[in-house]
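# Structural features, examined
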Amino acid sequence: MKDSPALEPGYFLDRLRAADPEVHAALAGELERQQDGIELIASENLVSRASLDALGSVIVNKTVEGRPGARYYGGAAFADRIESLAVERAKELFGCDFANVQPHSGSQANQAVFLALLQPGDVVLGMALDAGGHLSHGAAPNLTGKWFRPVRYGTDAAGLIDMAEVERLAREHRPKLLICGGSAYPRAIDFARFRRIADAAGAYLLADMAHFAGLVAGDAHPSPLPHAHVTTATTYKNLRGARGGLILTDDAALARKLDSAVFPGVQGSVILNAVAAKAVCLGEALKPSFRAYAAQVLANARALADTLMQRGIAVVAGGTDTPLLVADLRPLGLTGAAASDALEAAGLTCNKNVVPGDTQPPRVTSGLRFGSAAGTTRGFGEDEFRRIGGWIADVLHAMAAAGGARDEAVEQAVRADVRTLCRAFPIYPGLDTA
Ligand SMILES: *Cc1c(COP(=O)(O)O)cnc(C)c1O
């Protein structure tokens, strides 16, 4: 394979610039934004050049439905090969017997699980959104919240899952599905205890490891797979691949139901270039170097959490066992919306996030969520993450001191330091963005 920057100007080819200067300009701007700022959004990462190549490949031209070897259209030999590679790698990486790599996203993976295991109106017990749960686990505006009967568990005063509450709600409401895993829950989950609670209630256990799948793959976090009936994941967060979802199980009967829930249940044809890119990222995650990456992601998230706490910024649950952490801004008197705007101006991209017991509306919130996956990919270690934590603290404390007003001088000073650090850790080195 040819992958020489000298011969190949990169993903933003001259062809695109000539054919569609407007789209080219927007993509080039996005590349510069990624290069020049620090990405702290926990659901983002920087995929490999090989993943970009797979995403931009001719397999995008092919339409297939069904599973490898059982398609509804001809000409599928290479599509079958690609999807089979992704399936086999997912099984090897996570040590399971069945994998479906077709879900277009994590939400659609979860929708397929609901369709496979439940009837409309069944009770589902999942984590509340403000405790760190995900929309696709039964939140009110989501299909899973409208067509099923959601019951929610939360976290205790320390920010940890209240297992006694989970147990009590399961006894009281007898859910058909119990869900663990969330979008903003930073701590390790007691999967074995969740399974015991599910068994006692006669429920299936779904583990949604979207936000720690990469750590499971790299042996830096316990695996939910031995405990859950079904495990779902996204491929684009700390697993560091293209956008998409995965469904994993060891149960042959469930696997058949899950396959037909994905197609023809909730999806049509396969997005084969995304599946090819999933195969690439799963192959990368099987390499020994990915273990080092996963360990560094965790060490970096902890270095960031420790730095913030040392600088007097409250961190939900007092730290993290995953690539993400959540700062609680209520003691500083700041909102997540204002703080994330200020940090973005300083070159630090993160997202506002509700915190446990938040009384601010979802568009405002009282928290910020940070993740270490993308920064670790560009080469940052704990020293860099401690510097980042210091910059975040500088911006937030300046705001707090001004009663919540933005401090442009501090933001611009941090912006300059961020730019200098980013130049020392280029993304896609050698890529021509002109
Ligand atoms: C990110 C995430 C998903 C998937 O979201 P999509 O945007 O649909 O890919 C699912 N579950 C959890 C817990 C997540 O954090």
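This write-up is about the structure you can find in this document. (Residues numbered from 1 in each chain as written. Predicted model: local features only at pLDDT ≥ 70, side-chain atom pairs only at ≥ 80, totals over all residues. Heavy atoms only, no water.)

## Considerations on the nonpolar core
Heads up, the condition is: We define a nonpolar core as any set of buried Ala, Val, Leu, Ile, Met, Phe, Trp, Tyr and Cys residues linked to one another through side-chain atoms lying within 4.5 Å. Remark: exposure states derive from per-residue accessible area (1.4 Å probe, protein chains only) relative to the maximum for the residue type, with buried under 20%, exposed over 50%, and partly exposed in between. Segments assigned H or I by DSSP are reported as helices when at least four residues long, segments assigned E as strands when at least two residues long, and all are numbered from the N terminus. In what follows, residue pairs with any heavy atoms lying within 4.5 Å of each other are defined as contacts.
Counting 66 residues, the largest nonpolar core has F94, Y153, F194 and L239 as its most contacted members. Among the elements that make up this core, the one with the highest residue count is helix α11 (residues 272-285) (eight residues). Beyond its immediate sequence surroundings of up to four residues, F194 is in contact with Y153, I161, M163, V166, L178, I179, C180, I189 and L205. One finds A301, L334, A393 and V418 within the second-largest nonpolar core, a separate group that totals 36 residues.

## Regarding the state of the cysteines
The condition is simple: Only a pair of cysteine sulfur atoms within 2.5 Å qualifies as a disulfide here.
Counting across every chain of the model gives zero disulfides. No disulfide involves C281; its sulfur sits 14 Å from that of C96, the nearest cysteine.

## Regarding the side chain of T234
This is how the line gets drawn: Each polar contact in these results corresponds to two N or O atoms within 3.5 Å; when the atoms are within protein, one needs to be able to donate a hydrogen and the other to accept it, and residues that are neighboring in sequence are counted only if both atoms are side-chain atoms.
If you trace the backbone, T234 turns up in strand β9 (residues 230-234). At a separation of 3.4 Å, a polar atom in the side chain of T234 contacts the main-chain carbonyl oxygen of A210. Contacts of T234, omitting those with residues within four sequence positions, involve G106, A210, A213, L239, G244 and G245.

## Brief notes about the sheet that holds strand β8 (residues 204-208)
Condition: Paired strands are those between which DSSP finds at least two bridges. The axes are straight lines fitted to the C-alpha atoms, using for helices just the contacting stretch, and the angles between their N-to-C directions are given from 0 to 180°.
Pairing is mixed in the open sheet, where seven strands are placed in the order β4-β10-β9-β8-β7-β5-β6. Of all strands in the sheet, those bounded by a partner on one side alone are β4 (98-100) and β6 (149-153). Strand-to-strand twist in this sheet, taken as the mean axis angle between neighbours without regard to direction, amounts to 20°. Bridge analysis of strand β7 (residues 177-180) against β8 gives four bridges, and the strand direction is parallel. Its bridge partner being in β8, L177 is matched across the sheet by Y204.

## Looking at the sheet that holds strand β12 (residues 324-328)
Here we have four strands laid out as an open sheet, ordered β11-β12-β15-β14, and antiparallel in their pairing. Edge positions in the sheet fall to β11 (314-315) and β14 (351-353), since each of these pairs with one other strand and no more. Where β11 and β12 come together, two bridges link them in antiparallel fashion. In the strand pairing of β12, A314 is matched with D328. Lying on the sheet, helix α12 (residues 288-310) is in contact with β11, β12 and β15 (367-371); it crosses β12 at an angle near 15°.

## With respect to the pattern of salt bridges
How we decide: Salt-bridge detection follows one rule: a side-chain nitrogen of Lys or Arg within 4 Å of a carboxyl oxygen of Asp or Glu.
Enumeration according to the criterion identifies 19 salt bridges in this entry. Here E83 and R71 are joined by a salt bridge, their closest N and O atoms 2.7 Å apart. Placement of the pair is E83 in helix α4 (residues 77-94) and R71 in strand β3 (residues 70-71), with a sequence separation of twelve residues. Accessibility classification places E83 together with R71 in one group, the buried group. For E411, the salt bridge is made with R406, and the minimal N-O distance between the two is 2.6 Å. With a relative accessible area of 43%, R406 lands in the partly exposed category.

## Side note on the site of the ligand
Our working definition: Nearness is judged by heavy atoms alone; a residue qualifies as near a molecule or strand once a single heavy atom is within 4 Å of it. Each accessible area value is a Shrake-Rupley result obtained with a 1.4 Å probe; residue values ignore everything except the protein chains displayed when judging cover.
Within the structure, the ligand sits among 13 residues, and S107, S183, D208, Y236 and K237 are positioned closest to it. Between the ligand and S107 there is a distance of 2.7 Å, counted from an oxygen atom to a side-chain nitrogen or oxygen. At a separation of 2.6 Å, a nitrogen atom of the ligand approaches a polar side-chain atom of D208. Burial of the ligand by the protein amounts to 86% of the accessible area it has alone, namely 390 Å². Per element, the largest residue contribution to the shell around the ligand is three residues, and it comes from helix α5 (residues 106-117).

## Examining the environment of T155
Following the sequence through the fold, T155 ends up in the loop between β6 and α7 (163-173). C-alpha separation for the pair T155 and P288, spaced 133 residues apart in sequence, amounts to 36 Å. In contact with T155, not counting residues within four places along its chain, are M127, A131, L160, I161, D162, Y185 and P356.

## Remarks on the layout of surface pockets
As a reminder, the rule being used: Residues are said to line a cavity or pocket when one of their atoms sits within 4 Å of a point; the points come from a 1 Å grid over protein atoms alone, cavities being sets where a 1.4 Å probe fits but cannot get out and pockets being open sets with protein on both sides within 12 Å along at least five of seven lines. Grid points are joined across faces, edges and corners, and a volume is the space filled by probe spheres set on the points. Here the term charged refers only to Asp, Glu, Lys and Arg, the term nonpolar to Ala, Val, Leu, Ile, Met, Phe, Trp, Tyr, Cys and Pro, and the term polar to all other amino acids, Gly among them.
In this structure, the second largest pocket spans a volume of roughly 460 Å³. If you trace the second largest pocket, you find 17 residues lining it, with L129, G133, S183, K352 and N353 closest to the centre. Looking at the lining of the second largest pocket, its residues break down into five nonpolar, nine polar and three charged.

## Some points on helix α2 (residues 21-36)
Put simply, the rule reads: Helix span, as expected, comes to 1.5 Å for every residue beyond the first. Arc definition: it is the arc formed by the directions from the helix axis to the C-beta atoms.
Across its 16 residues, α2 extends 22 Å between first and last C-alpha, which sits within 8% of the 22 Å expected from 1.5 Å per residue. The set of residues buried in α2 consists of H24, A28, L31, Q35 and D36. Along the axis of α2, the buried residues cluster in a sector spanning 120°; they form a single face. Across from the buried face of α2, at angles greater than 90 degrees, the exposed residues are E22 and A26. Elements that come into contact with the buried residues of α2 comprise α1 (14-19) and α16 (408-424).

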